[in-house]
Amino acid sequence: MVAPDPNILPPSDERGFDRVSHGYAPDGRPTAPPPVPLEKIVGDVVDNLSATAKAEIALLEARTELALHGASWTAGWGAVAASALGIAMLALAFGAILALAPHVGPSVATLIVVAILLAVAGFAGWRAQKSYGDIRTALRRDLTDEGIDDAADA
């Protein structure tokens, strides 16, 4: 039996080099796909817009639920913190009165503690009013011409 010579190529089909790919499709130029009807394109666009709108609504609902969940827990823990702070301030006030009473008497000690607490409350109220102004500014629709006079708020 004779071994085939590796330098001899097998015979090609009738077309010869017409089937060789020179960077193009092997069977010549590709045929253009049939045109897509305009109704199908419009239907696909409407379907995509509808799916996008539904996804956006679902995202908004999920964000609203998350915000509501966070706000409810924030309010709950904020109430616990405010209660604890109030109790701590009461204990501090009673402690300050008891510590000052032997030196200046109970009535003057009470007046000193009340005056200091009123000063702290006044400062906190002033800071709250300033922060409220920031909230009003942030929630305006038009920051330049809404007709709100900030001088009237001060």
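Here the structure is a predicted model, which is why all the values come from computation and not from measurement. The residue numbering used here restarts from 1 in each chain and proceeds along that chain's sequence as written. This being a predicted model, a pLDDT of at least 70 is required before a residue's local features are given, and a value of 80 or more before pairs of side-chain atoms are given or counted; all residues contribute to the totals for chains, interfaces and linings. Processing note: side-chain calculations cover all non-hydrogen atoms of the structure and skip hydrogens and water entirely.

## Some thoughts on the overall build of the protein
So, point 1. Secondary structure elements follow DSSP: runs of H or I of four or more residues count as helices, runs of E of two or more count as strands, with numbering from the N terminus. Of regular secondary structure, the protein possesses three helices and zero strands.
So, point 2. Helices (α) and strands (β) of the protein occur, in sequence order from the N terminus, as α-α-α.
So, point 3. The buried share of the protein, reckoned over its 154 residues, is 4%.
So, point 4. For the protein, the accessible area works out to roughly 13,500 Å², and carbon and sulfur atoms hold 69% of it. Exposure classes here rest on a 1.4 Å probe applied to the protein chains alone. A residue is buried below 20% of its type maximum, exposed above 50%, and partly exposed in between. Note that accessible areas follow from Shrake-Rupley with a 1.4 Å probe, and for residues the cover is restricted to the protein chains shown.

## As for the environment of valine 104
So, point 1. Its place among the elements puts valine 104 in helix α1 (residues 38-104).
So, point 2. Residue contacts are counted whenever heavy atoms from the two residues lie within 4.5 Å of one another. Setting aside residues no more than four positions away along its own chain, valine 104 makes contact with Ala109 and Ile112.

## Observations concerning the environment of leucine 111
So, point 1. As for its position among the elements, leucine 111 is in helix α2 (residues 106-138).
So, point 2. Each C-alpha atom of the pair leucine 111 and isoleucine 97 lies 8.9 Å from the other, and the pair is 14 residues apart in sequence.

## Digging into the confidence of the model for the protein
So, point 1. On a range of 0 to 100, pLDDT expresses the predictor's confidence in each residue. Taken over all residues, the pLDDT of the protein has a mean of 80, while the share at 70 or more is 71%.
So, point 2. At the low end of the mean pLDDT range in the protein sits helix α3 (residues 150-153), at 54; at the high end sits α1, at 91.

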